[in-house]
Amino acid sequence: MKKKYLASLKSKGSLKFTDLCEFDQILCSDSNGVDGDDDDDVSGEDLIANMTPMKGMEYDSKDSLMKVYQDYAKLQGFSIAIRRSSSKYYVLACFKGRKPKDVIMKFTRQTQCPARVNCIVKTNGKVIVSNVWLNHSHSLEPQLSMCMPGNRELSLHMKCLLESRDIAGYRTCKNVRTLEVMAGGPQNLGVTERVFRNFIDKRRRLRLGEGDAKAIHELFFRMQLQDKNFFHIMDVDDEGRLRNVMWVHPRSIAAYEEFHDVVSFDTTYLVNKYKMPWATVVGVNQHNQSILLGCGLLSHEQSESFKWFFSNWLLAMKGVQPTAMLTDQCESIKIAVKAVFPMTIHRLCLWHIANKIPQKFKGVADFCSCSSDFYSTIYDSLSIAEFESRWTDFLSKHSLHNNRWLKNLFDEKKNWAPIYLNHIFWAGMVSTQRSESMHAFFDGFVNSKSTLKPFVEQYEIAIQNKIQKEMNADYQSKCVMLKPVSTFQWEKQLLGEYTHNIDLLLQVEVKKISSCNVEDVAIGEDGVNRCKIKEMRLVQNVFHKEYTYTVEYRPFGE
């Protein structure tokens, strides 16, 4: 039967995607014992010969050509990549077709291989092969096809089997092992075990547990009955599976009207066994407390998910963009912030940058000295000129001029270096610790094994607990008066203007005045008083460093 079908393909003179689909069905039916014509075995050479792309072949669409050429590549022992795709032209090439980069790298897959298929796209969407180059500049490895990047794709049948068994409670290792037995060994599956595990993990993130969807809908419905301003939105894929969900409490909407100067966005907290990142937007209120301004569950941390979250959150906040936003150093977040919040000042979290230092400086001879100089450059520079001079000296001292991470970091200096951002109000935030403290607050209510159902049920309790803490802070501010820590009259005056927690921060600064000495006072011709002040900076009550500042005083705030 197989040979007869191949003969009919040869007689057509051109090979189409539908032909290969029919042939694939014949192969599958025969392998399952449906047909039984064992004397019609087809050799690998015959199959490759009939799948080889040739000039003049016509395909129904770009996807059809992609599928055929990918199957051909798997049998031959190479992988493919799209090199050009437009309304007129379509080019598929060997994955190793690019020119190797000149930069020093540990390895490269590129060999500038000439093998490719050039096509012309017709107005009706059909694709005609215009030129074909079949020769490769490297050896072909059919037995290693499953390890190549472009060939790690599961068939629809495999996906259905994996997911159905996963829902039935099969452990991942048993699920994969079953497929290996059905295929006659792992070598016949066409993909590696890692691909199976990644697929199962991804589907778990998208899949709701029993009762989860109902719990979410009931919670949102109940909260909207209590307050019509409650905002929520759910995003599902083409199969009706939950992809993203976002909601904003009415108290958050009201708080944002007063406290939209600076917000922090973070997704590092995982709240359920499906590993869906919990995204939070956190602000700071008048008590210097973290306030939740919106949250959601995302299926993945890619720019499209972040754009979806930000645009809907902005809709809930009546289109008012935050003045400043703090996030971690994630390229997907940067793309989304730039697209949705063009007027917002975007700052990158210093903590996440500092966390990368052990990895980025591991090849430096004197790691401790290098790290110390790096921190000193960031935190001790008092002007932009001093920061840039210190940075140049730092690179020279430790021979880091060719460090790509530092080069990229310097290019983005205006988004993270304190000296470029100190003139902007940040409510004391230089990292996403606000988001992390909010995550710590929810730790008593949810954990990494929670499904969505208990999470959304406990969310309301956690919010009420947060409201109670804010009320306690209101009580402290209105009914408890702090004693001054100095004899300054202005301190006593200011203590009545701020909340209790802000007063505590004020008194910390007042105590530091004792570490400052005025050395010189001069009145310039312009009538401006200029003072030289020397500060003895203390860390844990121990002398750390000495700084000298020039302070200008203009009467009447001129």
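Look up: the structure comes first, before these words.
Residues numbered from 1 in each chain as written. Predicted model: local features only at pLDDT ≥ 70, side-chain atom pairs only at ≥ 80, totals over all residues. Heavy atoms only, no water.

## Observations concerning the state of the cysteines
One pass over the structure, following the stated rule, counts 0 disulfides. Here cysteine 94 stays free of any disulfide, with the sulfur of cysteine 113 as its closest cysteine sulfur at 3.8 Å. Owing to a relative accessible area of 1%, cysteine 94 belongs among the buried residues under this scheme. (Disulfide = S-S within 2.5 Å. Buried < 20%, exposed > 50% of the residue type's maximum accessible area, 1.4 Å probe, protein only.)

## Quick look at unusual backbone geometry
Only a minority of non-glycine residues have a phi that is not negative, and only a minority of peptide bonds are not trans. The backbone of asparagine 288 shows a phi angle near 65°, a positive value even though the residue is not glycine. Considering the arrangement of structural elements, one finds asparagine 288 in the loop between β9 (277-284) and β10 (290-298). By relative accessible area, asparagine 288 is classed as partly exposed at 26%. Phi angles above zero are rare outside glycine, and alanine 427 is one such case at about 55°. Position of alanine 427 relative to the elements: it lies in the loop between α17 (418-421) and α18 (433-442). (Helix = DSSP H or I, 4+ residues; strand = E, 2+ residues; numbered from the N terminus.)

## Here's the deal with the sheet that holds strand β2 (residues 80-85)
Spatially, 5 strands are ordered β1-β5-β4-β3-β2 in an open sheet, and the strand pairing comes out antiparallel. Strands with a single pairing partner mark the edges of an open sheet, and in this sheet they are β1 (58-59) and β2. Relative to strand β5 (residues 127-133), strand β4 (residues 116-121) runs antiparallel, the two being bridged by 6 bridges. Bridging across to β5, valine 121 finds its partner in valine 127. (Pairing = 2+ DSSP bridges.)

## Let's talk about the side chain of threonine 52
Note on placement: threonine 52 falls in the loop between α3 (44-51) and β1. Residue classification places threonine 52 among the buried residues on the basis of a relative accessible area of 15%.

## Focus on the packing of aromatic side chains
For any two aromatic rings, the description comes down to two numbers: the centre-to-centre distance and the angle of the planes. Scanning the entire structure with this criterion turns up 28 aromatic pairs. A ring pair is formed by phenylalanine 387 and tryptophan 416, whose centres lie 6.3 Å apart and whose planes are at 75°; its orientation type is edge-to-face. Highlighted residues: phenylalanine 387 in helix α15 (residues 384-397) and tryptophan 416 in the loop between α16 (404-411) and α17, separated in sequence by 29 residues. One exposure class covers both phenylalanine 387 and tryptophan 416, and it is buried. Ring geometry for tyrosine 547 versus tyrosine 549: centroids 6.2 Å apart, planes at 20°, classification stacked. Owing to a relative accessible area of 6%, tyrosine 547 belongs among the buried residues under this scheme. Accessibility expressed as a relative area gives 24% for tyrosine 549, which makes it partly exposed. Put simply, the rings of Phe361, Phe374, Tyr375, Tyr379, Phe387, Trp391, Phe394, Trp405, Phe410, Trp416 and Tyr420 pair up and form one aromatic cluster. (Phe/Tyr/Trp six-rings, centres within 6.5 Å; stacked < 30°, edge-to-face > 60°.)

## A closer look at the pattern of salt bridges
In total, this model carries 13 salt bridges according to the counting rule given. Among the ionic pairs, lysine 307 bridges to glutamate 304, the shortest N-O distance being 3.9 Å. Of the two residues, lysine 307 and glutamate 304 are both situated in helix α10 (residues 303-316); the distance of 3 residues between them amounts to about one turn of the helix. Lysine 307 gets classed as partly exposed once you look at its relative accessible area, which sits at 26%. Residue glutamate 304 is classed as exposed on the basis of its relative accessible area, which comes to 53%. Between glutamate 546 and lysine 534 there is a salt bridge whose closest N-O contact spans 3.5 Å. Residue glutamate 546 is located in strand β15 (residues 542-553), and its partner lysine 534 is located in strand β14 (residues 529-539); the two are separated by 12 residues in the primary sequence. Of the residues examined, glutamate 546 reaches a relative accessible area of 40% and is grouped as partly exposed. What makes lysine 534 partly exposed here is its relative accessible area of 23%. A network of salt bridges, in which partner residues are shared, links Glu331, Lys334 and Glu412. (Salt bridge = Lys/Arg side-chain N within 4 Å of Asp/Glu carboxyl O.)

Shape is all these values report; function is a separate question.
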